[in-house]
Each structure stands twice: as C-alpha cells, then as structure tokens.
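What follows is the residue order along each chain.
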Amino acid sequence: MIVPLSHVLAVAALLFAVGGVMAAARRSILLILIGVEFMLAAAGLAFAGAGLAWNNLDGQAAVIIIMGLASAEAGLGLALLVHGRRGGGTDRADSYDRLGEES
Amino acid sequence: MTPLGALFYLFAALGLGAAVLTATRRNPVHAVCCAVAVFLSVGAMLAVLGAPLPSVLTVVVYAGAIMVLFLFVIMLLGLPAGDGTLPPGRFLVPATLAAATLVALFALIGADPTAKTLLPAAMAGPAAVGTILFDKYWLAVEAVSILLFAALAAVMLLGRGKTGRKIAAGGRAA
C-alpha cells in the first residue's frame, strides 16, 4: 500500500501551480517554456496516479502521449527562440510582436 | 507509512522544492539544472506509482533530451546570466491567482471520499502499456507522430539562416 490518490493529486496540483506561476511571471521565453513543461509533467503525474487508483493502463498511455506533445512543444518553442534571436531580437517575451515581418 | 509511501513523499518534497528554485533563479543555467532535478523527481514518483515505462521515458526524454536541448540553446544564444533571485513583487499577481486555484482544487480533491483510501502497490510492465497504447490508442499515437513530424518541418524551416535560404533560392533558380 502506498499513498492515497488525494495526495498524488495534491502534489500534481502544486507542481502545476508552480509551473503556471513560472510561465506567467518570467519574462524569458526559455523559462516560460520550462514552466509549461512543468505543467505538462504535473498532468502526467495525475494521469499515472489515477491509472493506479482505477487499476487500468489508460493513464500510463496518456503519460506517453503527453510526453510526445511536450517534446514537439519544446523543440518548436526553442526553434522560435533561436529564430527570433537571430533576427536581432532578445529572449524577452515582450519583444515578440513582429509576427510575419521578414527580418 | 510504508517504504514506498515514504519514497513518494520524499521525491514530492524534492521535486516541489526544485520547482520553486527553478521559478526564482535569475541565471537560466541554474534554472535548467533545477528543472532537471524536478523531472528526475517526477520520474521517481512515477516509478513509485507503478509506472516503470513512463518513469524511464521521463528520465530519458525530459531530464535527458529536452533539458539538454534547453542548455544547448542557452549556450548557443549566449543568453544574459543574471545572478541571485528575482524580485518577489513580480510573482505577486500570478501567485495570488495560483493560490486561489489551489484552494479550489484542494476543496475538490478533499470532497471526494474515495480519494482517502490508500492506493494498492501495483506495477504495469512495458509490454502491457505498449499493447494498450497501440491497440486502444493507435489513433492518438498517429496524431502525435504527425505532430512531431510537423514540428520537425517547422524547426527546419525556422532554423535555417539567411545563407540556407539563399542556397535554397539559388537551387531553385538553377
């Protein structure tokens, strides 16, 4: 016997909240992306705990699908950061307001 | 408390502490190193919850591949490295909103009477997870593969610089 489901969900909610605060409070694109990764990881943790509580494997399958989603998101976000930085921008989120202008 | 439960609480405390450190570091390299600790803790918690395949994948994909990619981009771009922590005033509004959300979430979690019972210790092997993934969720797997391919194409389009664009244009002209 291990922990109750409510404690797993509480840990997932706390990690999700920390990721959300990080994504909202930081200015750097890089740290906003890490905050979103935290939120996705917290969702995966909740899925795994629920899968154990209801004794089926759908939760674990969802964790793997979320992981693929997070990989695509991180790769594309970092490529956007490199592209914007090459065009003379910064890594601040405030400076990304020139969508479509060819630099 | 059983040893598995103690391990879960230990890694939960470690992961949440490292997450708070990640959110407050000014130096991006320090933040990414703390994020690696968070993902290692999440992988350990998944292992305790009886999910060895997602646990190993979390360590390999998140803590290994994605975080190394973040470090690589920091070094590639030479991002400015501040030191110390951020001013706490910047976290005021998001932290207030998050606290309100957490109060609501904890009320919801606490209202469920079945959530108090201890979870049984169980383990699902990789073969069983793979079978259900490719049997019941094959459409989602295909959707994720298309998503990854689209991301790859977009990254290649964004990543080539001016010289790459010129070479491509010259190739078309010739």
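Residues numbered from 1 in each chain as written. Chains lettered and ligands numbered in written order. Predicted model: local features only at pLDDT ≥ 70, side-chain atom pairs only at ≥ 80, totals over all residues. Heavy atoms only, no water.

Considering the overall build of chain A
Then comes step 1: Broken down by element type, chain A carries three helices and zero strands.
Then comes step 2: Ordered by position from N to C terminus, the α and β elements of chain A give α-α-α.
Then comes step 3: Computed over the C-alpha atoms, the radius of gyration of chain A is 17 Å, more than 25% above the 13 Å expected from 2.2 N^0.38 for a compact globule of 103 residues.
Then comes step 4: Counting all 103 residues of chain A, 57% fall into the buried class.
Then comes step 5: Here the analysis covers contacts within chain A between residues at least 6 apart in sequence; of these, 54% occur between residues at least 24 apart.
Then comes step 6: Summed over its atoms, the accessible surface of chain A is roughly 4,000 Å², and 64% of this surface lies on carbon and sulfur atoms. (Helix = DSSP H or I, 4+ residues; strand = E, 2+ residues; numbered from the N terminus. Rg over C-alpha atoms; globule rule 2.2 N^0.38 Å. Buried < 20%, exposed > 50% of the residue type's maximum accessible area, 1.4 Å probe, protein only. Contact = heavy atoms within 4.5 Å. Areas by Shrake-Rupley, 256 points an atom, 1.4 Å probe, with all protein chains shown as cover.)

Some points on the UniProt feature "transmembrane region" (unreviewed entry) in chain B
Residues and elements named next belong to chain B.
Then comes step 1: Here the UniProt feature "transmembrane region" (unreviewed entry) sits at residues 6-24, 31-53, 59-79, 91-111 and 137-158.
Then comes step 2: For residues 31-53, the end-to-end C-alpha separation is 27 Å, with 87% helix and 0% strand making up the annotated structure.
Then comes step 3: For residues 91-111, the helix share is 95%, the strand share is 0%, and the end-to-end C-alpha distance is 29 Å. (UniProt positions renumbered as here; feature names shortened; annotations may be inferred.)

Observations concerning the UniProt feature "transmembrane region" in chain A
Residue and element names in this part refer to chain A.
Then comes step 1: Residues annotated in UniProt with the feature "transmembrane region" correspond here to residues 1-21, 29-49 and 62-82.
Then comes step 2: Between the end C-alpha atoms of residues 29-49 the distance is 31 Å, and the span holds 100% helix and 0% strand.
Then comes step 3: Helix makes up 100% of residues 62-82 and strand 0%, and the two end C-alpha atoms of the span are 30 Å apart.

Here's the deal with the nonpolar core
Grouped burial of nonpolar side chains is what soluble globular proteins tend to show.
Then comes step 1: With 56 residues, the main nonpolar core has Leu30(A), Ile34(A), Phe38(A), Phe8(B), Leu49(B), Tyr62(B) and Phe70(B) as its most contacted residues.
Then comes step 2: Looking at this core element by element, the count peaks at 13 residues for helix α2 (residues 29-53) of chain A.
Then comes step 3: Look past the residues within four positions of Phe8(B) in its chain and what remains in contact with it is Val3(A), Val8(A), Val11(A), Met45(B), Val48(B) and Leu49(B). (Core = buried A, V, L, I, M, F, W, Y, C linked by side-chain atoms within 4.5 Å.)

Brief notes about the interface of chain A and chain B
Then comes step 1: Between chain A and chain B, the residue contacts involve 64 residues of the former and 81 residues of the latter.
Then comes step 2: Between chain A and chain B, the buried area comes to about 6,400 Å², and carbon and sulfur atoms account for 80% of it.
Then comes step 3: In this structure, the connection of chain A to chain B is made through one salt bridge.
Then comes step 4: The shortest N-O distance in the salt bridge between Lys136(B) and Asp58(A) comes to 2.8 Å.
Then comes step 5: Counting across the interface, chain A meets chain B through 11 residue pairs in polar contact (both at pLDDT 80 or more).
Then comes step 6: Breaking the side of chain A that touches chain B down by element, the ones donating at least two residues are α1 (5-25), α2 and α3 (58-86) of chain A.
Then comes step 7: Here the side of chain A that touches chain B gets 24 residues from one element, more than from any other, and that element is α3(A).
Then comes step 8: Class assignment for the residues of the side of chain A that touches chain B results in 46 nonpolar, 10 polar and eight charged. (Buried area = accessible area lost by both parts, 1.4 Å probe. Salt bridge = Lys/Arg side-chain N within 4 Å of Asp/Glu carboxyl O. Polar contact = N/O pair within 3.5 Å; in protein donor to acceptor, adjacent residues only side chain to side chain. Nonpolar A, V, L, I, M, F, W, Y, C, P; charged D, E, K, R; others polar.)

Considering helix α4 (residues 92-111) of chain B
Then comes step 1: The first and last C-alpha atoms of α4(B) sit 29 Å apart over 20 residues, in line with the 28 Å expected at 1.5 Å per residue.
Then comes step 2: Taken residue by residue, α4(B) has Pro94(B), Ala98(B), Leu102(B) and Ile109(B) as its buried positions. Across the axial projection of α4(B), the buried residues extend over an arc of 65°, all falling on one side. Summarising the geometry of α4(B), the exposed residues directed more than 90 degrees from the buried face are Leu92(B), Val93(B), Thr96(B), Leu97(B), Val103(B) and Ala111(B).
Then comes step 3: Check the buried side of α4(B) and you find it contacts α1 of chain A. (Expected span 1.5 Å × (residues − 1). Arc of directions from axis to C-beta.)

Thoughts on unusual backbone geometry
Residues and elements named next belong to chain A.
Then comes step 1: The phi angle at Asn 55 is positive, at roughly 55°, despite the residue not being glycine.
Then comes step 2: As for its position among the elements, Asn 55 is in the loop between α2 and α3.
Then comes step 3: Take Asn 55: its relative accessible area is 66%, and that puts it in the exposed class.

Quick word on helix α6 (residues 138-159) of chain B
Then comes step 1: Relative to the 32 Å expected for 22 residues at 1.5 Å per residue, α6(B) spans 31 Å between its end C-alpha atoms, a close match to the ideal helical length.
Then comes step 2: Three or more residues of α6(B) are buried, namely Val141(B), Val144(B), Ala151(B) and Leu158(B). All buried residues of α6(B) project into a common sector of 115° when viewed along the axis, lining one side. Facing away from the buried side of α6(B) by more than 90 degrees, the exposed set consists of Leu139(B), Ile146(B), Phe149(B), Met156(B) and Leu157(B).
Then comes step 3: Residues of α6(B) that are buried sit in contact with α3 of chain A together with α5 (126-135) of chain B.

Focus: the packing of helix α1 (residues 3-24) of chain B against helix α2 (residues 28-48) of chain B
All names here are of chain B.
Then comes step 1: It is at 8 Å that the axes of α1 and α2 come closest, and there the two elements cross at 160°. It follows that α1 is roughly antiparallel to α2 by the angle criterion. Along this stretch, α1 crosses α2, giving a crossing that reads as left-handed. Only Ala 31, Cys 34, Ala 35, Ala 37, Val 38, Ser 41, Ala 44, Met 45 and Val 48 of α2 make contact with α1, whose side of the interface consists of Leu 4, Leu 7, Phe 8, Phe 11, Ala 12, Leu 14, Gly 15, Ala 18, Ala 19, Leu 21 and Thr 22. (Axes fitted to C-alpha atoms, helices over the stretch in contact; angles between N-to-C directions. Parallel < 35°, antiparallel > 145°, perpendicular 65-115°, else oblique. Left-handed = near helix turned anticlockwise from the far one by under 90°.)

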